Amino acid sequence: LGSSRMAGLAADLVAADVAALTHGHELGYIPAAMLSHMVRLLSHSAEISPEAAVQDSMDAVRRLFPRAVHLPAFLEKIQLALHLAKTSKTDLDAIHALGEGWCGDEALAIAVYCAVKYQDDFDKALLAAVNHGGDSDSTGAITGNLLGTYLGLSHIPEKYLDHLELLDVIAEIAEDLYDDCQINEYTCSEDPRDVAWEEKYVKITYGGKAPNGGAGSSV
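Chemist: Residues and numbers for a nonpolar patch on the surface, please.
Modeler: A contiguous nonpolar patch, built from Leu 164, Leu 166, Val 169, Ile 170, Ile 173, Leu 177, Tyr 201 and Val 202 and spanning about 660 Å² of accessible area, is present on the exposed surface. Here the nonpolar patch gets four residues from one element, more than from any other, and that element is helix α9 (residues 167-178). Here Tyr 201 shows up in helix α10 (residues 192-201). Residue class for Tyr 201 comes out partly exposed when judged on its relative accessible area of 33%.

Chemist: Now, about the nonpolar core: what can you tell me, with residues and values included?
Modeler: If you look at the biggest cluster of nonpolar residues, it comprises 52 residues, and the most contacted ones within it are Met 34, Val 54, Phe 74, Ile 78, Leu 108, Val 112 and Tyr 113. Listing elements by their share of this core, those giving two or more residues are α1 (3-20), α2 (26-44), α3 (50-64), α4 (71-84), α5 (91-98), α6 (104-117), α7 (122-130) and α8 (136-151). With ten residues, the top contributor of residues to this core is α6. Setting aside chain neighbours within four positions, we find Phe 74 in contact with Leu 27, Ile 30, Pro 31, Met 34, Asp 105 and Leu 108.

Chemist: Before we move on, could you go through the packing of α5 against α6 and cite the residues and values that matter?
Modeler: Two quantities define a packed helix pair, namely the angle between the helix axes and the distance between the axes. Running from amino to carboxyl end, α5 crosses α6 at an angle of 150°, the nearest separation of the two axes being 9 Å. The pairing of α5 with α6 is recorded here as roughly antiparallel in orientation. Like other packed secondary-structure pairs, α5 and α6 cross with a definite hand, here right-handed. Only Glu 106, Ala 109, Ile 110, Tyr 113, Cys 114 and Lys 117 of α6 make contact with α5, whose side of the interface consists of Asp 91, Ala 94, Ile 95 and Leu 98. Looking at the contact of α5 with α6 residue by residue, the classes come out as seven nonpolar, no polar and three charged.

Rules behind the numbers
Residues numbered from 1 in each chain as written. Predicted model: local features only at pLDDT ≥ 70, side-chain atom pairs only at ≥ 80, totals over all residues. Heavy atoms only, no water. Patch = residues over 30% accessible without salt bridge, like charges linked within 9 Å, V, L, I, M, F, W, Y side chains within 5 Å. Areas by Shrake-Rupley, 256 points an atom, 1.4 Å probe, with all protein chains shown as cover. Salt bridge = Lys/Arg side-chain N within 4 Å of Asp/Glu carboxyl O. Helix = DSSP H or I, 4+ residues; strand = E, 2+ residues; numbered from the N terminus. Buried < 20%, exposed > 50% of the residue type's maximum accessible area, 1.4 Å probe, protein only. Core = buried A, V, L, I, M, F, W, Y, C linked by side-chain atoms within 4.5 Å. Contact = heavy atoms within 4.5 Å. Axes fitted to C-alpha atoms, helices over the stretch in contact; angles between N-to-C directions. Parallel < 35°, antiparallel > 145°, perpendicular 65-115°, else oblique. Left-handed = near helix turned anticlockwise from the far one by under 90°. Nonpolar A, V, L, I, M, F, W, Y, C, P; charged D, E, K, R; others polar.

Here is the structure:
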């Protein structure tokens, strides 16, 4: 594997580790790694489609979790989502065939179905993702992650943005992440750009008074 591919897989593992803090089952953290992989591909390649990103992410989790007991069943569900996206089934019937979204594997499969079927229409994808009887807020959020990344901010209907709290902050953080913000002990002293990131996201002083009556603290 090339160095960029290895770095990508390492990032996927970080996503899995973070998910495992609260969702220690394989079907909690493996879908998190897969979602991370897809978002990274869709955000950094103008050529890749949602379906191609799904296929690539399936290969990635096979490499990362070759001994996972639940991996075959999980990948089978993702394959089913891809298949259903190309059929004439109603969205509700297709989603019910994938589950209710209360577990990570079902939630990601439903989002994959919606994002692949409506890859050029954010509104239709999101409407399909939230109009079912399961964990619709989660499936809607994951679908938004995928298609928002694929289509970009300019293709998200204004009705979703007009009253979105902290939109400017979210956009700024997204741009920083996209521009390769790197904060680690090995590069901060060498790369001036990384020092800037460290100052922005680590060494930040919060205003107001501390509980003991002193000034705000630097974290």
